[in-house]
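Working through the structure, step by step
The chain contents come next:
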2 protein chains.
Amino acid sequence: MLTVEELTKGLTPEQIEAAAETEGVSPETIRKEVEDGTIVVPCNPAHRGLKPVAIGKGLRTKVSASIGIDSWDGTVAGELEKLRVALDAGTHAIMDLSIAGDMDGARRAILEASPVPVGTLPMYQTIAEAAQKHGSSLAMTPEQMLEIIERQAADGVDFLALHCATTMATVERAKAEGRIDPLVSYGGSHLVGWMIHHKKENPLYENYDRILEIAKKYGVTLSLADGMRPGCLADSLGGAQVQELVILGELVARARNAGVQIMIKGPGHMPLNHVKDTITLQKSLCKGAPYFVFGPLLTDLGVGYDHINAAIGGALSSWHGADFLCYVTPAEHIGNPDASQVRQGVIAARVAAHAGDLARGLPEAVQWDLDMSNARRDLKWKEQIRLSIDPQHAQHIRLTRNDGDIETCAMCGKFCAMKIIADHMHFKRHSC
Amino acid sequence: MLTVEELTKGLTPEQIEAAAETEGVSPETIRKEVEDGTIVVPCNPAHRGLKPVAIGKGLRTKVSASIGIDSWDGTVAGELEKLRVALDAGTHAIMDLSIAGDMDGARRAILEASPVPVGTLPMYQTIAEAAQKHGSSLAMTPEQMLEIIERQAADGVDFLALHCATTMATVERAKAEGRIDPLVSYGGSHLVGWMIHHKKENPLYENYDRILEIAKKYGVTLSLADGMRPGCLADSLGGAQVQELVILGELVARARNAGVQIMIKGPGHMPLNHVKDTITLQKSLCKGAPYFVFGPLLTDLGVGYDHINAAIGGALSSWHGADFLCYVTPAEHIGNPDASQVRQGVIAARVAAHAGDLARGLPEAVQWDLDMSNARRDLKWKEQIRLSIDPQHAQHIRLTRNDGDIETCAMCGKFCAMKIIADHMHFKRHSC
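Rules used in this analysis
- Residues numbered from 1 in each chain as written.
- Chains lettered and ligands numbered in written order.
- Predicted model: local features only at pLDDT ≥ 70, side-chain atom pairs only at ≥ 80, totals over all residues.
- Heavy atoms only, no water.
- Phe/Tyr/Trp six-rings, centres within 6.5 Å; stacked < 30°, edge-to-face > 60°.
- Helix = DSSP H or I, 4+ residues; strand = E, 2+ residues; numbered from the N terminus.
- Buried < 20%, exposed > 50% of the residue type's maximum accessible area, 1.4 Å probe, protein only.
- Lys NZ or Arg CZ within 6 Å of the ring centre and 35° of its normal.
- Least-squares fit on C-alpha atoms with pLDDT ≥ 70 in both.
- Contact = heavy atoms within 4.5 Å.
- Buried area = accessible area lost by both parts, 1.4 Å probe.
- Salt bridge = Lys/Arg side-chain N within 4 Å of Asp/Glu carboxyl O.
- Polar contact = N/O pair within 3.5 Å; in protein donor to acceptor, adjacent residues only side chain to side chain.
- Nonpolar A, V, L, I, M, F, W, Y, C, P; charged D, E, K, R; others polar.
- Domains from an automatic or database assignment.
- Pairing = 2+ DSSP bridges.
- Axes fitted to C-alpha atoms, helices over the stretch in contact; angles between N-to-C directions.
- Parallel < 35°, antiparallel > 145°, perpendicular 65-115°, else oblique.
- Left-handed = near helix turned anticlockwise from the far one by under 90°.
- Right-handed = clockwise from strand over helix to strand, strands pointing away.

Examining the packing of aromatic side chains
For the structure shown, the criterion picks out eight aromatic pairs over all chains. Measuring from centroid to centroid gives 6.2 Å for Phe159(A) and Phe292(A), while their planes differ by 80°, and the two rings are edge-to-face. Of this pair, Phe159(A) sits in strand β6 (residues 159–162) while Phe292(A) sits in strand β9 (residues 291–294), placing them 133 residues apart in sequence. An identical accessibility class is assigned to Phe159(A) and Phe292(A); each is buried. With a relative accessible area of 0%, Phe292(A) lands in the buried category. Just above the ring of Phe292(A) sits the side chain of Lys265(A); from NZ or CZ to the centre is 4.6 Å. The ring centre of Trp381(B) lies 3.9 Å from the NZ or CZ of Arg398(B), which sits over that ring.

Right, here's the structure in full:
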């Protein structure tokens with residue numbers, strides 16, 4: 001078994017200690033779980049200024065915000081602004097999902113500016129470059145796919161999202177079972193389109209050993225994504241999705257044998273009553289590899305409110321063992337988010353992650369809530385604002401919906417429930 | 001056993017049929033469950049223009065929006081605007097929780113303008129009138145409490161929220177167990193303050209038979225509220241809360257014997273892992289009476305985002321059998337909501353209610369989602385907007401985050417995943 005240092009290509013004892021302290025666990029716990037593969041610390045040595053974050057078993061649920069240039073006239077500066085907003089809102093990781101424009105420039109600028117781990121989805125750039133040069137993603141080549149994976153790894157990307165398990169067998173399964181939405185993964189769809197057109201197996205599956213070599217060489221964590229993720233509730237836990245998850249389990253084992261850190265990205269859309277079972281299945285098939293969930297979304301109708309929809313799914317997922325939540329913004333399904341929607345997405349995911357952490361009984365999460373409950377009972381308004389998940393927003397509402405006096409309760413005016421209890425019931429000493 | 005007509009004081013067969021049709025169940029189902037007490041149809045004959053709504057077992061989860069004048073300079077017109085916004089956002093019921101100003105005028109104007117059931121919490125007006133006339137809620141009298149209950153019932157209020165089960169025994173239990181937040185219910189706190197000061201049992205418990213007479217006389221549904229609802233996660237499922245729930249079960253039986261429709265209002269704050277158990281306990285102790293939940297909130301930190309926090313709890317509650325969700329707005333804990341926050345609260349609760357309905361497999365909910373999934377696959381944008389939970393907001397985001405062309409997909413520009421699949425995979429015929 002490889003050590004943490006070998007698996008991460010050089011995480012220092014100080015960095016392990018810092019990550020452990022943030023989580024309220026011992027450095028030995030981090031070491032053991034990273035070696036077991038149940039915790040990952042995505043940390044490419046080429047990503048300078050990174051403060052490594054541990055993700056996985058027994059740790060606080062983490063949140064990732066996806067940004068990236070989405071049109072040929074998009075700018076790197078625009079994405080750096082979204083990065084700033086996402087970091088300010090407390091995201092634990094960033095994904096640069098640029099699909100157009102100066103993709104190399106955006107990635108490098110984001111890596112330069114981000115103290116949190118950065119992930120990418122190399123297929124996006126592969127699609128864009130093939131389309132730009134040859135007019136279609138069908139012009140992609142396996143060598144180009146591998147070249148872009150290595151280019152991004154060499155730049156310092158901490159985790160790479162790859163559709164290595166979306167094989168022809170899963171495509172045939174999807175075709176046979178007549179899904180409502182055959183494929184909704186953007187990268188996965190182009191990849192599958194390529195496979196069908198060229199009558200070839202998935203090059204990311206066939207060349208998985210070469211991908212592992214690249215990951216090992218640069219110290220990149222793999223984040224294998226599910227091309228067959230269900231795109232609507234009706235397709236949840238269908239044969240194609242589950243077959244791909246079986247293959248993902250196979251690829252987890254191969255990554256561990258190769259000394260490469262790996263996590264698995266999951267759906268997607270599912271009803272509430274599939275959340276726990278989906279996570280149990282992933283944890284079982286993928287041998288406890290950290291689970292990075294996208295949402296999930298519990299209804300297909302939440303257009304404009306999918307950050308709320310995803311918060312419901314994220315909270316349940318976090319409670320039942322998901323380790324990492326990919327945020328969803330209010331613009332999901334209808335557009336790409338602006339900076340304000342990025343902020344809303346991060347905060348909604350953080351509320352969800354924290355609710356799950358509380359249900360799992362994580363001591364630091366429980367204490368944080370308890371501190372708030374005490375501040376609320378004691379009418380300590382500044383303390384309540386400070387302890388809020390988004391103090392800036394909480395203060396804004398308090399100031400706009402009241403007279404602006406931060407120390408006075410304005411919920412009930414002079415008919416204050418807390419004060420009545422303090423005055424009459426003598427349960428406890430209150431500060432008001 | 002009384003008939004629906006007797007229990008509701010005159011619901012017509014046409015109204016029962018209309019309510020049944022809205023729910024996709026038979027009129028016989030509504031009749032039987034109302035007679036069993038597992039469905040309520042709050043419908044005061046004096047509330048003219050009401051379209052009765054059935055709430056309970058096997059039906060779509062309903063949503064209620066709380067409005068009401070919150071300061072002595074608040075206006076009836078301001079609350080009517082919030083009513084308009086809440087109805088436009090699709091609320092199924094309204095609660096007028098006025099605590100100051102022209103409370104009689106607000107209630108009457110809201111009843112006049114609302115086609116959905118209207119609930120009130122008479123203790124609020126009792127507190128306000130006692131404070132106004134005598135400077136303190138301690139000047140309340142049992143007769144004044146009953147007079148205001150009857151005044152509100154006579155006006156046409158469809159359901160009355162009353163803290164009938166917050167007895168001295170529950171107060172002593174709360175005192176003995178050392179809760180973090182002894183009492184957070186505004187009405188319940190003043191009532192308990194009064195009880196302690198005057199060394200008397202809860203007048204709403206002692207005079208419960210008179211309350212049942214009033215309810216019977218005017219055809220009002222009772223919505224018994226829990227004065228001991230936990231105000232923070234740490235207090236969830238404590239002795240005082242559970243003891244009050246036992247007493248609520250006793251009062252449900254007495255209401256049924258008296259031929260009065262009844263539902264139970266519940267917490268409040270709890271961790272995710274208490275939601276299902278809390279609902280199971282309520283349903284068991286209260287003999288299947290419909291459960292009206294406030295949130296619940298799964299973390300105490302969500303200040304400014306408690307509508308999202310409550311959507312998580314509401315979705316889980318709806319899935320596990322709660323029948324009616326009391327919305328929570330982004331202003332919760334820090335102020336009273338403005339009209340825009342009322343809208344956000346209603347929509348978040350509707351997303352939650354629908355997610356729960358889907359998990360319970362309600363056929364109409366499932367079909368609605370399926371229609372959206374088909375529209376999404378087929379890139380039918382107008383259809384997607386129309387099927388959204390809030391078409392107006394969905395369209396706004398789509399127009400502002402794209403080029404304004406409602407018929408073109410702008411998610412991926414020309415690299416459209418759906419189109420690739422349609423072109424290459426021939427799974428299905430797409431319209432794009």
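Let us keep going from here.
Considerations on the relation of the copies chain A and chain B
With an axial shift of 0.0 Å and an RMSD of 0.0 Å, the rotation relating chain A to chain B amounts to 180°. Taken together, these values place the two copies in the relation of a two-fold axis. Rotation axis and chain A: the residue whose C-alpha lies nearest the axis is Ile312(A), separated from it by 2.2 Å. Take the interface residues of chain A: 100% of them recur as interface residues in chain B, which is what a same-surface contact looks like.

Here's the deal with the interface of chain A and chain B
Listed as interface residues are 96 residues of chain A and, on the opposing side, 97 residues of chain B. Summing both sides of the interface, chain A and chain B together bury roughly 8200 Å²; the carbon and sulfur share of this comes to 71%. Where chain A touches chain B, the interface holds zero salt bridges. Where chain A meets chain B, there are 20 residue pairs in polar contact (both at pLDDT 80 or more). The element that contributes the greatest number of residues to the side of chain A that touches chain B is helix α15 (residues 339–359) of chain A, accounting for 10 residues. Residues of the side of chain A that touches chain B, tallied by class, amount to 58 nonpolar, 26 polar and 12 charged.

Some remarks on the domain arrangement of chain A
Domains assigned within chain A are domain 1 (60–361) and domain 2 (380–425). Distance from the C-alpha centre of domain 1 of chain A to the C-alpha centre of domain 2 of chain A: 40 Å.

Quick notes on the environment of Arg84(A)
Among the structural elements, Arg84(A) can be located in helix α4 (residues 76–88). Considered as a pair, Arg84(A) and Ser114(A) are 30 residues apart in the sequence and their alpha carbons are 8.6 Å apart.

A look at the sheet that holds strand β6 (residues 159–162) of chain B
All names here are of chain B. The sheet built from eight strands closes into a barrel, its strands ordered β3-β4-β5-β6-β7-β8-β9-β10 with parallel pairing. Taken pair by pair, the neighbouring strands of this sheet meet at an average axis angle of 25°, ignoring direction. Summarising the sheet, strand β8 (residues 262–266) and strand β9 (residues 291–294) pair through three bridges and their orientation is parallel. Looking at β9, one finds that lysine 265 is bridged to phenylalanine 292.

A short note on the packing of helix α6 (residues 122–134) of chain B against helix α9 (residues 186–198) of chain B
Residues and elements named next belong to chain B. Put simply, α6 and α9 touch, their axes get as near as 9 Å, and they point 55° apart. Relative to α9, the element α6 lies oblique. Relative to α9, α6 is oriented so that their crossing is left-handed. Each of Met123, Tyr124 and Ile127 in α6 lies in contact with α9, whose residues at this interface are Tyr186, Gly187, His190 and Leu191.

Here's the deal with the pairing of β9(A)
Residue and element names in this part refer to chain A. Judged by which residues are buried, β9 turns out to be covered on both faces: Tyr291 and Val293 on one side and Phe292 and Phe294 on the other are all buried. Between the parallel elements strand β8 (residues 262–266) and β9, the chain passes through helix α13 (residues 272–285) in a crossover that is right-handed. Sheet topology note: the β9/strand β10 (residues 324–326) ladder contains three bridges and is parallel. Bridged to phenylalanine 292 within β10 is phenylalanine 324.

Focus on the sheet that holds strand β3 (residues 62–67) of chain A
All names here are of chain A. Around the barrel, eight strands lie side by side as β3-β4-β5-β6-β7-β8-β9-β10; this closed barrel has parallel pairing. Pairwise comparison of adjacent strand axes, ignoring direction, gives a mean angle of 25° for this sheet. Set on the sheet, helix α11 (residues 208–218) makes contact with β6, β7 (221–224) and β8; between it and β7 the angle comes to about 140°. Contacts from α15 reach β3 and β10, with the element oriented near 160° to β3.

Section: the pattern of salt bridges
Inspection of the entire model under this criterion finds 47 salt bridges over all chains. Put simply, Lys82(A) and Glu79(A) hold a salt bridge, and the shortest N to O gap is 3.5 Å. Within this pair, Lys82(A) and its partner Glu79(A) are both found in helix α4, separated by three residues, close to a single helical turn. Pair check on accessibility: Lys82(A) and Glu79(A) agree, each one buried. Two residues, Arg210(B) and Glu143(B), come together in a salt bridge whose shortest N-O distance is 3.0 Å. One end of the pair, Arg210(B), is in helix α11 (residues 208–218); the other, Glu143(B), is in helix α7 (residues 142–155), with 67 residues separating them in the sequence. When its relative accessible area of 36% is taken as the criterion, Arg210(B) is described as partly exposed.

Focus: the pairing of β6(B)
All names here are of chain B. In β6, alternate side chains face the same way, and those of Phe159 and Ala161 on one face and Leu160 and Leu162 on the other are all buried. Where strand β5 (residues 118–120) lies against β6, two bridges are found, and the strand directions are parallel. When the sheet's bridge partners are listed, threonine 120 is paired in β6 with leucine 160. As defined by bridge partners, β6 adjoins strand β7 (residues 221–224) across four bridges and the pair is classed as parallel. Across the sheet, alanine 161 pairs through a bridge with serine 223, a residue of β7.

Topic: the side chain of Ser373(A)
Mapped onto the secondary structure, Ser373(A) falls in helix α16 (residues 363–377). With near-sequence residues (within four places) excluded, Ser373(A) lies in contact with Ile180(B), Asp181(B), Cys232(B) and Asp300(B).

Description of unusual backbone geometry
Put simply, Gly295(A) and Pro296(A) share a cis peptide bond, and its omega is -10°. With respect to the element layout, Pro296(A) can be found in the loop between β9 and α14 (306–319). At the junction of Pro267(B) and Gly268(B), the peptide bond is cis and its omega measures out at 10° in the coordinates. By the element assignment, Gly268(B) lies in the loop between β8 and α13 (272–285). With a phi close to 55°, Leu237(B) is a non-glycine residue in the positive phi region. Classification of Leu237(B) by relative accessible area gives partly exposed; the value is 28%.

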